[in-house]
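The chain contents come next:
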Amino acid sequence: MKNTIKSSGWFLVALITCPCHLFLLLPLVAGTALGSYFTDFKDVIFIVMGLLFVFALFKGWRKLDPETKKETKTHDCCSMERFKS
């Protein structure tokens, strides 16, 4: 359940940061400092939002499918397993 909620959050971030939605986002922030930054630096915003979109999709899929996680075994220096013969 917890992974489903986290993956939904990442997919929501991916939906908001999708570069194709920038034209829908611009009227919402029009008249603000953020809106003027968006209109002045559209190329930079497209690149940053594209990278954030891909990252959010990747994290969402990783949280949704727990089998893709790598099972890393932590080293325990005090474990009695290594002293058993």
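Keep in mind that what you see is a predicted model, and the values were worked out from it rather than measured.

Colleague: Any chance you could break down the overall build of the chain for me, citing the residues and the numbers?
Modeller: Within the chain, the secondary structure is distributed over four helices and zero strands. Secondary structure of the chain in N-to-C order comes out as α-α-α-α. Looking at the chain residue by residue over its 85 residues, the buried ones come to 19%. Sequence-distant contacts, at least 24 apart, represent 68% of the contacts inside the chain between residues at least 6 apart.

Colleague: Talk me through the nonpolar core; I want residue IDs and the actual numbers.
Modeller: Ranked by size, the top nonpolar core spans six residues in total: Leu22, Leu26, Val29, Phe38, Ile45 and Met49. Those residues in contact with Met49 that lie beyond four places of it in its chain are Ile16, Thr17, Pro19, Leu22 and Leu25.

Colleague: Break down the UniProt feature "transmembrane region" (unreviewed entry) in the chain for me, with residues and values.
Modeller: Residues annotated by UniProt as "transmembrane region" (unreviewed entry) correspond here to residues 12–38 and 44–61. Secondary structure over residues 12–38 splits into 59% helix and 0% strand, and the C-alpha atoms at its two ends are 21 Å apart. The span residues 44–61 carries 100% helix and 0% strand; its end-to-end C-alpha distance comes to 26 Å.

Colleague: Describe the side chain of Lys63, and please don't skip the residues or the numbers.
Modeller: Structurally, Lys63 can be placed in helix 4 (residues 42–64). The class of Lys63 is buried, set by a relative accessible area of 19%. Here Lys63 is in contact with Asn3, Lys6, Ser7 and Trp10, once residues within four sequence places are set aside.

Colleague: Go over the side chain of Thr17, please, and point to the residues and values.
Modeller: By secondary structure assignment, the location of Thr17 is in helix 1 (residues 2–17). By relative accessible area, which is 9% here, Thr17 ends up buried. Engagement of the side chain of Thr17 in a polar contact is seen with the backbone oxygen of Val13, the distance being 2.8 Å.

What counts and how
- Residues numbered from 1 in each chain as written.
- Predicted model: local features only at pLDDT ≥ 70, side-chain atom pairs only at ≥ 80, totals over all residues.
- Heavy atoms only, no water.
- Helix = DSSP H or I, 4+ residues; strand = E, 2+ residues; numbered from the N terminus.
- Buried < 20%, exposed > 50% of the residue type's maximum accessible area, 1.4 Å probe, protein only.
- Contact = heavy atoms within 4.5 Å.
- Core = buried A, V, L, I, M, F, W, Y, C linked by side-chain atoms within 4.5 Å.
- UniProt positions renumbered as here; feature names shortened; annotations may be inferred.
- Polar contact = N/O pair within 3.5 Å; in protein donor to acceptor, adjacent residues only side chain to side chain.

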